[in-house]
Amino acid sequence: MIEIKDLKKSYLINGNKTEALKGINLKIEKGQVFGIIGKSGAGKSTLLRCLNLLETPDEGEIIVEGRDITKFNKRELREYRKNVSMIFQHFNLLSNSNVYKNVAFPLEIAGHKRDYIDKRVRELLKIVGIEDKEKEYPSNLSGGQKQRVAIARALANNPKILLCDEATSALDPLTTKQILDLLLELNKTLGLTIVLITHEMDVVDRICSNVAVMEKGEIVEEGIKDEVFKSP
Ligand code: ADP
Ligand code: ADP
């Protein structure tokens, strides 16, 4: 489904070049929960952000369903991005909007009618288990509830791929487990392909089918989770 070929990305700041991605090759199949693990600075965020072109790679290809997304024009990119959603460590909710408005937002942008938006928001809140929080503002929610709102918002337009950027790193262990269970359920019931980055082994262990280990802009190991992490 996603094939990354020799992907390179450097940042130049005050004349200093950082090679964040030094030629990444990776295949992510449809329906996988693919974990990318590594220390801070390894290049995980850069790689994840290349998958929706929040970051523009310097070299290489990202083939998604047969097409190189790095060559997309604006219109093609807009179409492509409907299929790819993202959730974040710090949730990135609209703090002056209630839960309903946060989830409705991408549906409004997509130009849906009021009736459909109403129905869809309620459906989404039910899927993520916070149907009673519709009128609350983010500041009145726990971290786990905020991430549920973010997940509902991410799912609004039926994406095929969900990118998770340290999505449980701000949560306590119990809430982390609950959010990971929700992600796994969405993977199973909706067939959602999940690509997540994390520095926590437990996250990979709990839900990933496949894993890549990153170090200093390179993938140093990759495969089915149990094989990558089997004891010697
Ligand atoms: P994390 O490692 O948790 O992804 P970072 O603190 O490295 O978070 O990065 C947060 C944001 O700052 C990201 O958008 C990243 O692209 C950007 N960033 C990271 N390192 C630098 C840097 N040296 N200079 C400028 N921006 C950076
Ligand atoms: P990770 O997500 O594994 O922490 P990142 O992709 O955030 O790694 O960062 C990889 C390297 O690229 C780091 O050295 C970081 O400082 C640098 N970097 C990331 N984003 C930026 C940016 N926007 N500007 C400059 N340097 C950056």
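Worth saying up front: this structure is predicted, and the values here are computed from it rather than measured. (Residues numbered from 1 in each chain as written. Chains lettered and ligands numbered in written order. Predicted model: local features only at pLDDT ≥ 70, side-chain atom pairs only at ≥ 80, totals over all residues. Heavy atoms only, no water.)

## Focus: the overall build of the protein
What counts here: Numbering goes from the N terminus for both helices and strands, where a helix is a DSSP run of H or I of at least four residues and a strand is a run of E of at least two. Radius of gyration here is computed from C-alpha atoms only, and the compact-globule reference equals 2.2 Å multiplied by the residue count raised to the power 0.38. Under the scheme applied here, a residue whose accessible area is under 20% of the maximum for its type counts as buried, over 50% as exposed, and between as partly exposed, the area being computed with a 1.4 Å probe on protein chains only. Whether two residues are in contact is decided by their heavy atoms: any pair within 4.5 Å suffices.
Helix and strand content of the protein: eight helices and ten strands. For 232 residues, the compact-globule estimate of 2.2 N^0.38 gives 17 Å, and the C-alpha radius of gyration of the protein, at 18 Å, lies within 12% of that figure. Dimensions along the principal axes, computed over C-alpha positions, put the protein at roughly 45 × 45 × 35 Å. Classification of the 232 residues of the protein by burial places 49% in the buried group. Taking the intrachain contacts of the protein between residues at least 6 apart in sequence as the baseline, contacts between residues at least 24 apart amount to 69%.

## Looking at the site of ligand 2
Short version of the rule: Near is defined per residue: the residue qualifies when any heavy atom it owns lies within 4 Å of the molecule or strand. Whenever two N or O atoms come within 3.5 Å, that pair is a polar contact, provided that in protein one can donate a hydrogen and the other can accept it, and provided that, for residues adjacent in sequence, both atoms are side-chain atoms. Using a 1.4 Å probe, the Shrake-Rupley method yields the accessible areas, and only the shown protein chains count as cover for residues.
What surrounds ligand 2 is the set Y11, I13, T18, A20, K39, S40, G41, A42, G43, K44, S45 and T46. In the model, an oxygen atom of ligand 2 is placed 3.5 Å from a nitrogen or oxygen of the K39 main chain. Taken by itself ligand 2 offers 550 Å² of open surface, and the protein chains cover 64% of this. At the level of secondary structure, the elements contributing two or more residues to the shell around ligand 2 comprise β1 (2-13), β2 (16-28) and α1 (44-50).

## Description of unusual backbone geometry
Residues other than glycine seldom take positive phi values, yet N92 does so here, at roughly 55 degrees. In this fold, N92 is placed in the loop between β6 (84-88) and α3 (99-109). Phi at K216 takes a positive value of approximately 45 degrees, unusual for a residue other than glycine. Along the chain, K216 turns up in the loop between β9 (210-215) and β10 (218-224).

## A few points about α3
Within α3, burial applies to V99, Y100, N102, V103, A104, P106 and L107. Residues of α3 that are buried sit in contact with α4 (114-127) and α5 (143-155). Among the residues of α3, the N-terminal cap falls to N98, whose side-chain oxygen and the backbone nitrogen of Y100 are separated by 3.2 Å. Phi turns positive, to about 85 degrees, at G111, one or two residues after α3.

## A few points about the pairing of strand β3 (residues 33-37)
Quick reminder of the rule: Two strands are counted as paired when DSSP detects at least two bridges linking them.
By the criterion of burial, β3 is predominantly enclosed, with five of the five residues buried. Of the two faces of β3, the one holding V33, G35 and I37 and the one holding F34 and I36 are both buried throughout. Taken together, the five bridges between β3 and strand β8 (residues 193-198) define a ladder with parallel strand orientation. Bridging across to β8, I36 finds its partner in I197.

## As for the state of the cysteines
Test applied: In this description, a disulfide is simply a cysteine sulfur pair whose atoms lie within 2.5 Å.
Taken as a whole and judged by the stated rule, the model has zero disulfides. C164 forms no disulfide, and the closest cysteine sulfur to it belongs to C208, at a distance of 9.2 Å. Since its relative accessible area comes to 2%, C164 is described here as buried.

## Quick notes on the site of ligand 1
The environment of ligand 1 is formed by I13, S40 and S45. A distance of 2.6 Å is found between an oxygen atom of ligand 1 and a side-chain nitrogen or oxygen belonging to S45.

## Topic: the nonpolar core
To keep it simple, the criterion reads: The nonpolar core is taken to be a set of buried Ala, Val, Leu, Ile, Met, Phe, Trp, Tyr and Cys residues, with the residues joined through side-chain atoms within 4.5 Å.
Core analysis: the largest hydrophobic core is formed by 43 residues, its most contacted members being I87, I151 and L183. Sequence-distant contacts of L183, defined by excluding residues within four places in its chain, comprise I87, I151, L162, C164, I194 and I207.

## Quick notes on the packing of α5 against helix α6 (residues 173-190)
Filter applied, for reference: Only the stretch in contact is used when fitting a helix axis, every axis being a line fitted to C-alpha atoms; angles between N-to-C directions are given from 0 to 180 degrees. Roughly parallel covers angles under 35 degrees, roughly antiparallel covers those over 145, roughly perpendicular covers 65 to 115, and oblique covers all other angles. Helix crossings get a hand from a simple test, with the near helix turned counterclockwise from the far one by less than a right angle marking a left-handed crossing and a clockwise turn marking a right-handed one. Residue polarity follows a fixed list, in which Ala, Val, Leu, Ile, Met, Phe, Trp, Tyr, Cys and Pro are nonpolar, Asp, Glu, Lys and Arg are charged, and the others, Gly among them, are polar.
α6 packs onto α5 with a crossing angle of 20 degrees between their chain directions and a minimal axis gap of 10 Å. Between α5 and α6, the crossing angle belongs to the class labelled roughly parallel. Relative to α6, the crossing made by α5 is right-handed. In this structure, α5 uses G144, Q147, R148, I151 and L155 to contact α6, whose residues at the interface are T175, Q178, I179, L182, L183, L186 and L190. Tallied by class, residues from the contact of α5 with α6 come to seven nonpolar, four polar and one charged.

## Observations concerning the pattern of salt bridges
Stated precisely, the cut-off is as follows: Any Lys or Arg side-chain nitrogen located within 4 Å of an Asp or Glu carboxyl oxygen qualifies as a salt bridge.
Following the criterion strictly, the structure yields 14 salt bridges and no others. E108 is paired through a salt bridge with R114; the nearest N and O atoms lie 3.0 Å apart. A residue is classified by how much of its surface remains accessible, and E108, at 27% relative accessible area, is partly exposed. Ionic contacts of the salt-bridge type, sharing partners, join the residues K101, E108 and R114 into one network.

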